[in-house]
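Residue-level listing of the chains:
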Amino acid sequence: LYYANGERFFMKGLAFPISPQDAIHGYNSTGWISVLDQLRELDLNFNTIRLYKMDPSVDYSLFFDAAAQMGVYVMVPLTGYSGDGDLKRELSPPDCYKPALYGYGVRGINNYKRYPNVLGGVIGNEVMNSADTWGSAPCVKAYTRDLKKYITKHLHRPFPLIYTAQHGGIGAYSPTKVLEHTLDYLSCSPASEESDDGENEYLDIFGVNIESWCDPNDTFLYTAGSYHEVWEGLHHSQIPLIFSEMGCPQVLYKHNESVGYGRRDWNQIDVVLNDMSDTWSGFSAYAYEDGTGRIDGFNMFEGHSWDGFHTLKPNLDFFNFQKQMKMVDHRPSEDDYNITTFSKQSCSVVEKTLMNCCGVQLQDVDDIPSRFEAAEAKKEMVEVLYLLIAGFTIAVLGFGFAKYKQSKSKTVHDEEEEQVALKTKKNYDSIDP
């Protein structure tokens, strides 16, 4: 990732707490901003937050403005937990990608595009995380295709699209191998490698939700679910890579001392910002509060589930995180500007690999109707009908006005003739016989 001036950008983020489900407490600007203020008051060296639940119809201006003033970028969701925003991974194409989902994404983009500190929109989170749900992969790609076309046509600013994948194996296939196939499929070109026809259909950023680093003795090279293995396996990526969620569950973390749940050391921050920085662009640590309120989950703040209004109390896990964020930063090197680029893979090659290695046969994305083209055609039809109705209305009004003018003119003429006739009669009557 890069700033507009060409300087490398490294995401140093935190997963924002999830608002309560009910609409009344879904968004409260004061409550949301209070979390940002708390993190600043605790002197946390961060520059990004990841939001998980938003409503495309809500005005978030106060929150985004407050984040921008603090220099904080925001990852926003372009799918929802239910309703129009639900990408139905349990269904096969094209049923997993309904027109309502496209409409939801467009409404989200049109809402969030006005905020310059939007880092990107997440078009899917852990959709293909089992053999059964891999069949919905073409719907993720079709959704990306259509939103990219909409962005290209209607926006005057970049709006990167992000997919966040689970770091988990499927059957006999290791987590890293599954990530490789997911990345290759979502970033491949639908046209031939020599053609740029599919340029606007690419995913922009690939995120990994990783729960490794569960032992204080872990290192870059020696980790269960090795960061080195992930770095090596995705080193060929054509697009920026981030850890969209990072952190071991508290209950699985091993301790040198008996200090209870939590207390992760967060030593992997240095690994991501430096050892992996030739291809990786940072992380979002998981989490302020994960929605459970439990002390054995991923929570850096505790007491209860976040109510959307009041901040929670930081625990020792947060202070370990805070310490690492203060101590560690990216150390600039020549690799920052000498990123190795790899040739694009054609989707036909990637799909063949998926079939040969894993027995995954995917429907052609081109067979999934373009919700973008359908919506644009409908929009154009509405505009044509509007012009026709407007033209017809103007014509009717014009005709009516002409008739009125003609009638008015005739009335005046008749009145003039009548006046002449009366005058003539009067003159005639005044003649002395």
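Residues numbered from 1 in each chain as written. Predicted model: local features only at pLDDT ≥ 70, side-chain atom pairs only at ≥ 80, totals over all residues. Heavy atoms only, no water.

**Comments concerning the nonpolar core**
- Residues Phe206, Phe243 and Phe321 are the most contacted members of the largest nonpolar core, which totals 99 residues.
- Of the residues forming this core, the biggest block, eight residues, is contributed by helix H4 (residues 137-154).
- Setting aside chain neighbours within four positions, we find Phe206 in contact with Tyr163, Ala165, Leu179, Thr182, Leu183, Leu234, Ile239, Pro240, Leu241 and Ile242.
- One finds Met11, Leu119, Val122 and Ile162 within the second-largest nonpolar core, a separate group that totals nine residues. (Core = buried A, V, L, I, M, F, W, Y, C linked by side-chain atoms within 4.5 Å. Buried < 20%, exposed > 50% of the residue type's maximum accessible area, 1.4 Å probe, protein only. Helix = DSSP H or I, 4+ residues; strand = E, 2+ residues; numbered from the N terminus. Contact = heavy atoms within 4.5 Å.)

**Observations concerning the packing of helix H1 (residues 29-41) against helix H2 (residues 61-69)**
- Here H1 crosses H2 at 15°, and the two axes come no closer than 9 Å. Regarding the angle of H1 to H2, the classification is roughly parallel. Crossing geometry of H1 relative to H2 is assigned as right-handed. On H2, the residues touching Ser29, Trp32, Ile33 and Leu36 of H1 are Leu62, Phe63, Ala66 and Ala67.
- For the contact of H1 with H2, the class distribution of residues is seven nonpolar, one polar and no charged. (Axes fitted to C-alpha atoms, helices over the stretch in contact; angles between N-to-C directions. Parallel < 35°, antiparallel > 145°, perpendicular 65-115°, else oblique. Left-handed = near helix turned anticlockwise from the far one by under 90°. Nonpolar A, V, L, I, M, F, W, Y, C, P; charged D, E, K, R; others polar.)

**What to know about empty space enclosed by the protein**
- Following the criterion strictly, the structure yields two cavities of 30 Å³ or more and no others.
- One number sums up the size of the largest cavity: a volume of about 60 Å³.
- Looking at the largest cavity, the residues that line it are Glu126, Met128, Asn129, Tyr163, Ala165, Gln166, Gly168, Val178, Leu179 and Thr182.
- Contributions of two or more residues to the lining of the largest cavity are made by strand E5 (161-166) and helix H5 (175-187).
- The residue makeup of the lining of the largest cavity, split by class, is five nonpolar, four polar and one charged.
- For the second largest cavity, the full set of lining residues is Phe16, Pro17, Ile18, Ser19, Trp32, Arg50, Leu51, Tyr52 and Lys53. (1 Å grid on protein atoms, 1.4 Å probe; cavity = no way out; pocket = protein on both sides within 12 Å on 5 of 7 lines; lining within 4 Å. Points joined across faces, edges and corners; volume = space filled by probe spheres on them.)

**Concerning helix H8 (residues 316-327)**
- Here H8 spans 17 Å end to end across 12 residues, near enough to the 16 Å set by a 1.5 Å rise per residue.
- If you check which residues of H8 are buried, you get Asp317, Phe318, Phe321, Gln322, Gln324 and Met325. Projection of H8 onto a plane perpendicular to its axis shows the buried side chains occupying an angular sector of 165°, all on one side. Facing away from the buried side of H8, by more than 90 degrees, are the exposed residues Lys323 and Met327.
- Looking at the buried residues of H8, the elements they touch are strand E1 (11-15), H1, helix H7 (268-275), strand E8 (280-285), strand E9 (301-302) and strand E10 (313-314). (Expected span 1.5 Å × (residues − 1). Arc of directions from axis to C-beta.)

**Observations concerning the state of the cysteines**
- Applying the stated criterion to the full structure yields four disulfides.
- Paired by a disulfide, Cys96 and Cys139 hold their sulfur atoms 1.8 Å apart. In this structure, the disulfide formed by Cys96 and Cys139 twists by about 70° around the S-S bond and is classed as right-handed. Of this pair, Cys96 sits in the loop between strand E3 (73-77) and helix H3 (99-112) while Cys139 sits in helix H4, placing them 43 residues apart in sequence.
- Residue Cys139 is classed as buried on the basis of its relative accessible area of 0%. (Disulfide = S-S within 2.5 Å.)

**As for the side chain of Lys53**
- As for its position among the elements, Lys53 is in the loop between strand E2 (48-50) and H2.
- Within the structure, the side chain of Lys53 is placed 2.9 Å from the backbone oxygen of Ser19, a separation counted as a polar contact. (Polar contact = N/O pair within 3.5 Å; in protein donor to acceptor, adjacent residues only side chain to side chain.)

**Considering the environment of Tyr288**
- As for its placement among the helices and strands, Tyr288 is situated in the loop between E8 and E9.
- Assessed through its relative accessible area of 1%, Tyr288 is described here as buried.
- Taking the C-alpha atoms as reference points, Tyr288 and Phe318, 30 residues apart in sequence, are found 8.3 Å from one another.

**Some thoughts on the sheet that holds strand E6 (residues 205-210)**
- A barrel is described by the order of its strands in space; here eight strands give the closed sequence E1-E2-E3-E4-E5-E6-E7-E8, paired in parallel fashion. Adjacent strand axes in the sheet meet at a mean angle of 30° when their direction is disregarded.
- With four bridges joining them, strand E4 (residues 118-125) and E5 adopt parallel strand pairing. Bridged to Val122 within E5 is Ile162. (Pairing = 2+ DSSP bridges.)

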